[in-house]
Amino acid sequence: MARRGASSGGAGARERSDRKTGSRAGSRAGSTAEDRTGGRAERGAGRGAGRGGRRAEPLAEPVDGSLAELVPDRERPRAWTLTLDGAPQSHVDLDDPTFLSFEYQRRIGHIADLVAPPGQPLHVVHLGGGAFTLARYIAATRPRSTQQIVEVDAALVQLVRRELPLDPQARIRVRATDARAGLGKIQDGWADLVIADVFSGARTPAHLTSTEFLAEVRRVLKPGGSYVANLADGPPLTHLRGQIATAAALFPELALAADPVVWRGRRFGNAVLLASDLPLKVAELTRRVATDPHPGRVEHGRALADFTGGAAPVSDVDARPSPAPPPSVFG
């Protein structure tokens, strides 16, 4: 979680899934700068252990409204945690982009693994960039995939590209603009998968919580494509229930993965929502989530409808940002 919008990831091998809520894509339109991978760095470049084997040191740099810091992972030689104003946002291992440290990201990784046969290239839209953790994962697990990242903070994009460069062979485009504005520029039926991990001031912006927003997501998705959202809420889970109802108004098939204590409304935390027109691979997703280092629970069908409890879909007119996390989340 972070001020003005955090990114994805974790810190080392220790799980911090309940201490992180989101990815930067901002609540206001940013610049329209656009760039592609390649040409900036050779394969294998990026921050390492320092010259002569010396331990790498953190790097701090101001970005749009926040102080970004890259903190070396003491357990993985070329791995780094991105923090914004001290809160962990993304974890990247340049030597192993398939390593996903945060639980909610691992759950999204499971979904990305299941939406198509192994190795099949995908067209993916990432709303929220952070350190591009999930884009790197998909590029590594599904070579020749074509991906678009929408990240409002151009200064953060520049920092990440400079210090944690993408594989120049990856087909990844980064657009520095607001998430909904960037989504509006993508052609109809282009994406197999849309991933939303969008926070502003540790809250999902209101205009990214509505049926109108999800109608844009549906427009961009291919028939049978999947939408995945990282949601954050705490007791009494009013926002989470409203977001499930909103997705149900646009998609017939839903599933939600979360930590059991979040399900029970005992703690503020993350939940990963999956929506599609086609039946979901719920049994396999449930198995994978249940066998993670920090096991989670998946609900769908009648159980998920009962959990929603008659909540109404959210429109642009009555949309509100997601609730702010309590100070103890980062304690």
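Each remark here, short or long, concerns the structure printed above.
Procedures and definitions
Residues numbered from 1 in each chain as written. Predicted model: local features only at pLDDT ≥ 70, side-chain atom pairs only at ≥ 80, totals over all residues. Heavy atoms only, no water. Helix = DSSP H or I, 4+ residues; strand = E, 2+ residues; numbered from the N terminus. Buried < 20%, exposed > 50% of the residue type's maximum accessible area, 1.4 Å probe, protein only. Areas by Shrake-Rupley, 256 points an atom, 1.4 Å probe, with all protein chains shown as cover. Axes fitted to C-alpha atoms, helices over the stretch in contact; angles between N-to-C directions. Left-handed = near helix turned anticlockwise from the far one by under 90°. Contact = heavy atoms within 4.5 Å. Nonpolar A, V, L, I, M, F, W, Y, C, P; charged D, E, K, R; others polar. Pairing = 2+ DSSP bridges. Phe/Tyr/Trp six-rings, centres within 6.5 Å; stacked < 30°, edge-to-face > 60°. Salt bridge = Lys/Arg side-chain N within 4 Å of Asp/Glu carboxyl O. Arc of directions from axis to C-beta. Core = buried A, V, L, I, M, F, W, Y, C linked by side-chain atoms within 4.5 Å.

(A) Layout of the overall build of the chain. Helices and strands together make up the secondary structure of the chain, namely nine helices and 13 strands. Relative to its full complement of 331 residues, the chain shows a buried share of 56%. Taken as a whole, the chain presents about 13100 Å² of accessible surface, with 51% of it coming from carbon and sulfur.

(B) How the structure looks around the packing of helix α1 (residues 103–114) against helix α8 (residues 282–290). Viewed as axis vectors pointing N to C, α1 and α8 meet at an angle of 145°, and their least axial separation amounts to 10 Å. Between α1 and α8 lies a crossing whose hand is right-handed. In this structure, α1 contributes R107, H110, I111, D113 and L114 to the contact, and α8 contributes E284, L285, R288 and V289. Its residues assigned to classes, the contact of α1 with α8 comprises four nonpolar, one polar and four charged.

(C) Expanded view of unusual backbone geometry. Geometrically, the link from P235 to P236 is a cis peptide bond, its omega value of 5° lying close to zero. Along the polypeptide, P236 turns up in the loop between β10 (221–233) and α6 (238–248). One non-glycine residue, D85, adopts positive backbone phi at about 50°. Within the secondary structure, D85 sits in the loop between β4 (79–84) and β5 (87–93).

(D) Geometry of the sheet that holds strand β3 (residues 67–72). The antiparallel open sheet is built from four strands, whose spatial order is β2-β3-β4-β5. Two strands lie at the open edges of the sheet, namely β2 (59–62) and β5, each paired on one side alone. When the angles between neighbouring strand axes are averaged without regard to direction, this sheet yields 20°. As defined by bridge partners, β4 adjoins β5 across six bridges and the pair is classed as antiparallel. The residue bridging T81 from the neighbouring strand is H91, located in β5.

(E) Summary view of the side chain of T246. In this structure, T246 sits in helix α6. Classification of T246 as buried rests on a relative accessible area of 0%. If we ignore the near neighbours within four places in the chain, the residues touching T246 are T209, S210, T211, L214, P313 and V314.

(F) Local environment of the packing of aromatic side chains. All chains considered together, the criterion is met by two aromatic pairs. Centre to centre, the rings of Y227 and F251 are 6.3 Å apart; their planes meet at 5°, and the pair counts as stacked. On the criterion of sequence distance, the pair formed by Y227 in strand β10 and F251 in the loop between α6 and β11 (253–258) is long-range, its members being 24 residues apart. For Y227, a relative accessible area of 5% gives the class buried. For F251, a relative accessible area of 2% translates into the label buried.

(G) Broad picture of the pattern of salt bridges. Overall, the coordinates contain 17 salt bridges when judged by the stated rule. Here R218 ties to D277 by a salt bridge, and the two come within 2.9 Å at their closest N and O atoms. With R218 in helix α5 (residues 211–220) and D277 in the loop between β12 (269–276) and α8, the pair connects residues that are 59 residues apart, well separated along the chain. What makes D277 partly exposed here is its relative accessible area of 29%. One salt bridge connects R302 with D306, and the closest N-O pair in it is separated by 3.0 Å. Residue R302 and its partner D306 are both found in helix α9 (residues 301–308); the two are separated by four residues, about one turn of the helix. A single network of salt bridges, built from pairs that share partners, joins D113, E284, R287 and R288.

(H) View of α9. Buried residues of α9: L304, F307 and T308, and no others. One side of α9 holds all its buried residues, which, seen down the axis, span an arc of 105°. The inward-facing, buried residues of α9 contact α6, β11, α7 (260–263) and β13 (297–300). Count one or two residues on from α9 and you reach G309, which has phi positive near 65°.

(I) Fine view of the nonpolar core. Membership of the largest hydrophobic core comes to 36 residues, with the highest contact counts inside it found for V125, L127, V194, V217, Y227 and L256. Grouped together as the second largest cluster of nonpolar side chains are 25 residues, L100, V228, A257 and L280 included.

(J) Up close: α6. The buried count for α6 comes to eight of 11 residues, which makes it a mostly enclosed element. Of all the positions in α6, only H239, L240, G242, Q243, I244, A245, T246 and A247 are classed as buried. Where α6 is buried, its residues touch α5, β10, β11, β12 and α9.

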